[in-house]
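Survey of secondary and tertiary structure
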Amino acid sequence: MEGMESGSHAASSGLADRSLVFWTLCSIIVPVLITLWCSFQRSRRQVLIRDIFRKSKHDWHYTDLFGQPSYCCVCAQHILQGAFCSCCGLRVSEACLKKADELFLCKEIVMRSSSGARSSMPHHWIRGNVPLCSCCVICKQQCGTQPKLCDYRCVWCQYTVHDECMVDHLRTEECTFGEFRDLIIPPYYLSAINQMQKEKRSNYEKVVPYCSKHWMPVIILANTRSGNNMGETLLGEFKILLNPVQVFDLSKTAPAKALQLCTLLPCNAVRVLVCGGDGTVGWVLDAIDEMKIKGQEHHIPQVAVLPLGTGNDLSNTLGWGAGYAGEVPVEQILRNVMEADGIKLDRWKVQVTNKGYYNLRKPKVFTMNNYFSVGPDALMALNFHAHREKTPSLFSSRIINKAVYFFYGTKDCLVQECKDLNKKVELELDGERIELPNLEGIIVLNIGYWGGGCRLWEGMGDEPYPLARNDDGLLEVVGVHGSFHCAQIQVKLANPVRLGQAHTVRLILKSSKMPMQVDGEPWAQGPCTVTITHKTHALMLYHSGEQTDDDASSTSEHGTEQAEED
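What you see is a predicted model; the values in this text were computed from it and never measured. (Residues numbered from 1 in each chain as written. Predicted model: local features only at pLDDT ≥ 70, side-chain atom pairs only at ≥ 80, totals over all residues. Heavy atoms only, no water.)

**Section: the overall build of the protein chain**
Per the secondary structure count, the protein chain includes 13 helices and 22 strands. Across the protein chain, the fraction of contacts at a sequence separation of at least 24, relative to all contacts at a separation of at least 6, is 69%. (Helix = DSSP H or I, 4+ residues; strand = E, 2+ residues; numbered from the N terminus. Contact = heavy atoms within 4.5 Å.)

**What about the sheet that holds strand S20 (residues 514–518)?**
Reading across from one edge, S18-S17-S16-S13-S20-S21 is the order of the six strands in this open sheet, with antiparallel pairing throughout. Because the sheet does not close on itself, it has two edges, and the strands there are strand S18 (497–502) and strand S21 (521–525). On average, adjacent strands in this sheet sit at an angle of 15° to one another, irrespective of strand direction. The sheet contact formed by strand S13 (residues 371–374) and strand S16 (residues 441–445) spans four bridges and is antiparallel. Within S16, the residue paired with Val374 across the bridge is Ile442. (Pairing = 2+ DSSP bridges. Axes fitted to C-alpha atoms, helices over the stretch in contact; angles between N-to-C directions.)

**Considerations on the nonpolar core**
If you look at the biggest cluster of nonpolar residues, it comprises 98 residues, and the most contacted ones within it are Leu90, Leu221, Phe238, Leu242, Leu259, Leu273 and Met540. Looking at this core element by element, the count peaks at six residues for helix H7 (residues 278–293). Excluding residues within four positions of it along the chain, Phe238 makes contact with Ile220, Val247, Leu273, Cys275, Val330, Ile333 and Leu334. (Core = buried A, V, L, I, M, F, W, Y, C linked by side-chain atoms within 4.5 Å. Buried < 20%, exposed > 50% of the residue type's maximum accessible area, 1.4 Å probe, protein only.)

**Here we look at helix H5 (residues 231–241)**
The buried fraction of H5 amounts to eight of the eleven residues, a majority that puts the element mostly inside the structure. By the burial criterion, the buried members of H5 are Gly231, Leu234, Leu235, Gly236, Phe238, Lys239, Ile240 and Leu241.

**With respect to the pattern of salt bridges**
In this structure the tally under the stated criterion is 14 salt bridges. Note that Arg54 and Asp51 form a salt bridge whose closest N and O atoms lie 2.5 Å from each other. Here Arg54 and its partner Asp51 are both found in helix H1 (residues 2–55), three residues apart, which amounts to about one turn of the helix. Notably, a salt bridge pairs Asp286 with Arg347, separated by 2.8 Å at the nearest N-O pair. Here Arg347 lies in strand S11 (residues 341–354) and Asp286 lies in helix H7, a separation of 61 residues in the sequence. Of the residues examined, Arg347 reaches a relative accessible area of 0% and is grouped as buried. Through salt bridges with shared partners, one network takes in Asp286, Asp289, Lys292, Arg347 and Lys535. (Salt bridge = Lys/Arg side-chain N within 4 Å of Asp/Glu carboxyl O.)

**A closer look at the side chain of Thr263**
Along the chain, the position of Thr263 falls in the loop between helix H6 (255–258) and strand S9 (271–276). Taking the relative accessible area as the measure of exposure, Thr263 reaches 17% and is therefore buried.

**Side note on the pairing of strand S10 (residues 302–307)**
Burial of S10 is extensive: five of the six residues sit out of reach of the surface. Sheet topology places S9 next to S10; six bridges connect them, and they run parallel. Note on S10: the bridge partner recorded for Val272 is Val303. Handedness of the crossover joining S9 and S10 through H7: right-handed. (Right-handed = clockwise from strand over helix to strand, strands pointing away.)

**A word on the sheet that holds strand S5 (residues 152–154)**
If you trace the three strands from one edge of the open sheet to the other, you get S4-S5-S6, paired in antiparallel fashion. Edge positions in the sheet fall to strand S4 (125–127) and strand S6 (160–161), since each of these pairs with one other strand and no more. Note that S4 and S5 share three bridges and pair antiparallel. By the bridge assignment for S5, Trp125 is matched with Cys154.

This is how it looks when you write it as structure tokens:
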């Protein structure tokens, strides 16, 4: 009996062990299978969504509850995960994406109409998710105040209307394009141009838009890789307010190609807003010079700047500020572009001819808008660029970029790699040899600002100095004693060594290798001859809305001098 009991006890114990193993395996395998199934479904859903994004006429981007609380334009429910169109502002949940793509049209870039030539178009209304600060055009009360999908917005004129105020005549009423009608390229204008091209006619001036007297269409060129990486956000905001055909991402479309739109617009009327750093502005101005070579002088645009880079000295000189971080609404930026005044900017040819090699090497040729330098500031730029090329992901913030510049400037104060520059170079201004004092750096200026916001030529402002302008065909040449001297000048505790003004600058590096830079693009240079001569003028836009005391005094002196010339 005892043997039978022990046998049954062993059998039940084995069964319990197998049961334990089974349930343990289940507790491990089932969650893994569920996770794999969910991952497969998620990836399958993402593939379907990306396919819809690719085939859609809307410019869809992902959004969720945490990005911007909004309501689906199809099912009127809160969007937990979904998409929004950066052109028309339509917002839909993930489940309604395909249906929304079929139901709702995006902004028409070119009007498709079988009724022949047109000079107007009706409103394009989108329901829900209107800006909280908007007011109804009928009753003048605030729109979008209810926590649900409500009220309408026109994607062109940005007018908003309450649900109860929407009447039949508003649905068919002619759209005026709102506040920025003078900047928008109407779809029917491009439709007429297309028709003329089919008929092989090129007299586009006969296509008179609705506001021919004051029409100044703007083209937006944004570099999404500049400085603080705000370009992507700005692209969407400008597409909402303007015709999407006017807005270009320079990481996808080169400036030379984007600027060909100017040839379809009235002569001498186009304005270009460059969103990027000084390097991006130089890239666009080079493309404009190419237009001159092609014989498109009558279509040359005027250029405004929205500073997204690190230094932004050119935009500072032109009154557009030292940096943009989203503090000014996009609407105000467009108003500033409309109100800006046209001025000229000198552009210079910098030719670097290496010594030796039996002159077989081709000279390097650069175009300068801001400044050329040899010495400590070029060394800081060279170290910064070498560091950024190794780890580009670390340099996505303007503050971090300036901190790295500060680090290398402090390092140079101790090491003094550029000392005794006056013994290594010869300087000629308009053919006249200049005796150099003990210096570590020489800077040739075309604009008022240098080094991220310092008015270098003026210094402390306590000494008389010739007026510096960016359209007089003259360069200002100064020397610095080192990185510490540069820092003193930036906080107005010292003056630069003013070496003179000239139409032509010639600098001979006799021996050793020295850091040089043109408009923030640095390199290490051996013995050579650097010759700087005038190249051309660029048509720029000057914004006088935000000025420092130095800017105001410089502008008043500039105006006085122009009045005396007149």
